[in-house]
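# Summary of the model geometry
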Amino acid sequence: MNNHRIIKTIYRSLILGLVLILSGCNQMSEKETDNSAGLNGGFEIAKNGLPVNWLMYTENTVPEADFTIELDQDVFIEGKQSLKFDVKECSSTGGWHSPGFTNEFFDVGKFEGEVVYKLSFWVKNDGATFRVAAGGVAEKEGEMKTLIEGNDKIDEWKLLEYEIAVPKDKRLRLELNILKPGTFWIDDVKIEKI
């Protein structure tokens, strides 16, 4: 009789623990994949409304935010569309807590170090505070540096270019976040070995 109670208590504790663990596991990003698309830096190839081969912080994964991600066929610098974030409300925390995306480029074979890469992309901005960071990372370690953070109004497409040194045994990671409401566009992301 006593063993039966102990077993029931252990069983209930395990179930409760499992429920708590699983309820704490939030999906941090969404990703659509197309191995033939490569980098897809022009955001030209999409599935289910998302550009392929990018880890997107979407309205489904970002808590307490009000925004949409669109493939804008009216405003672009290259190809036939750009990636647009129309943000009404968001957290200024960054990472998966704010609208945006990240990439370690596994779909294009990684950009590994010891190498310097030239990262370039075009942006437009109407009121949003945005941050772009990049750096060399490995599993659970690395150093990301903020390349640009600001809320300047950018009416005409503006080219931004940076050199990123990726140390040996690390790979390039790029992250964009929208930290305050507004409308932000990005297009023609390129990465070249220098």
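On a predicted model such as this, the values are computed, not experimentally measured, just so you know.

This part takes up the environment of valine 137. Looking at the secondary structure, you find valine 137 in strand β8 (residues 129-138). It is 9.7 Å that separates the C-alpha atoms of valine 137 and glycine 113, two residues lying 24 residues apart in sequence. Apart from the residues within four sequence positions on either side, valine 137 is in contact with Glu104, Gly142, Glu143, Met144, Lys170, Arg171 and Arg173.

The next thing to look at is the pairing of strand β11 (residues 171-180). With eight of ten residues buried, β11 is to be regarded as a mostly interior element. Alignment of strand β6 (residues 100-103) against β11, held across four bridges, turns out to be antiparallel. The residue of β11 that forms the bridge with glycine 100 is asparagine 177. Where β8 meets β11, nine bridges bridge the pair, whose relative direction is antiparallel. Residue pairing across strands places alanine 133 opposite glutamate 175, the latter belonging to β11.

Moving on: the pairing of β8. Across the ten residues of β8, ten count as buried, placing the element largely inside the fold. Neither face of β8 is open: one carries Thr129, Arg131, Ala133, Gly135 and Val137, the other Phe130, Val132, Ala134, Gly136 and Ala138, and all of them are buried. Two elements, β8 and strand β9 (residues 141-150), share nine bridges in a ladder whose sense is antiparallel. Bridge pairing in β9 links glycine 136 to glutamate 143. Between β8 and β9, which pair antiparallel one after the other, the connecting turn spans two residues, and lysine 140 there sits at a positive phi close to 60°.

Taken as a whole and assessed by the stated rule, the structure comprises eight aromatic pairs. Between phenylalanine 130 and phenylalanine 184, the ring centres sit 4.6 Å apart and the planes meet at 35°, which makes this aromatic pair tilted. Taken as a pair, phenylalanine 130 in strand β8 and phenylalanine 184 in strand β12 (residues 182-193) lie far apart in primary sequence, 54 residues in all. Assessed through its relative accessible area of 2%, phenylalanine 130 is described here as buried. Put simply, the rings of Phe43, Trp54, Phe101, Phe105, Phe111 and Tyr117 pair up and form one aromatic cluster. Directly above the ring of tryptophan 185 sits lysine 124, whose terminal nitrogen or CZ lies 5.5 Å from the centroid.

Another point: the sheet that holds strand β4 (residues 66-72). On the basis of which strands lie adjacent, the open sheet formed by five strands has the order β4-β5-β12-β7-β10 and antiparallel pairing. Of all the strands in the sheet, the pair left with one neighbour each is β4 and β10 (154-166). Within the sheet, the average angular offset between the axes of one strand and its neighbour, ignoring direction, is 25°. As judged from the ten bridges shared by strand β7 (residues 115-126) and β10, these two strands associate in the antiparallel manner. Of the residues in β10, the one forming a bridge with tryptophan 122 is leucine 159.

Counting 38 residues, the largest nonpolar core has Phe85, Phe101 and Ile186 as the members making the most contacts within it. Those elements giving two or more residues to this core turn out to be β3 (55-57), β4, β5 (82-89), β7, β8, β10, β11 and β12. In contact with phenylalanine 101, other than residues within four places in its own chain, are Phe43, Trp54, Leu55, Met56, Tyr57, Leu83, Phe85, Leu174, Glu175, Leu176 and Ile186.

As a further point, take the environment of aspartate 107. Mapping aspartate 107 onto the fold places it in the loop between β6 and β7. Separated by 55 residues in the primary sequence, aspartate 107 and valine 52 place their C-alpha atoms 9.6 Å from one another. Setting aside its immediate chain neighbours within four residues, aspartate 107 contacts Lys31, Thr33, Asn35 and Asn53. Here lysine 31 takes part through its side chain, which lies 2.7 Å from a polar atom of the side chain of aspartate 107.

For the rest of this paragraph, the subject is the confidence of the model for the chain. Here the chain shows a mean pLDDT of 90. Residues at 70 or above account for 87%. Contacts for the low-pLDDT stretch residues 16-24, under 50 throughout, to residues beyond four places or in other chains number zero contacts.

What counts, and at which threshold
- Residues numbered from 1 in each chain as written.
- Predicted model: local features only at pLDDT ≥ 70, side-chain atom pairs only at ≥ 80, totals over all residues.
- Heavy atoms only, no water.
- Helix = DSSP H or I, 4+ residues; strand = E, 2+ residues; numbered from the N terminus.
- Contact = heavy atoms within 4.5 Å.
- Buried < 20%, exposed > 50% of the residue type's maximum accessible area, 1.4 Å probe, protein only.
- Pairing = 2+ DSSP bridges.
- Phe/Tyr/Trp six-rings, centres within 6.5 Å; stacked < 30°, edge-to-face > 60°.
- Lys NZ or Arg CZ within 6 Å of the ring centre and 35° of its normal.
- Axes fitted to C-alpha atoms, helices over the stretch in contact; angles between N-to-C directions.
- Core = buried A, V, L, I, M, F, W, Y, C linked by side-chain atoms within 4.5 Å.
- Polar contact = N/O pair within 3.5 Å; in protein donor to acceptor, adjacent residues only side chain to side chain.
- pLDDT = per-residue confidence, 0-100.

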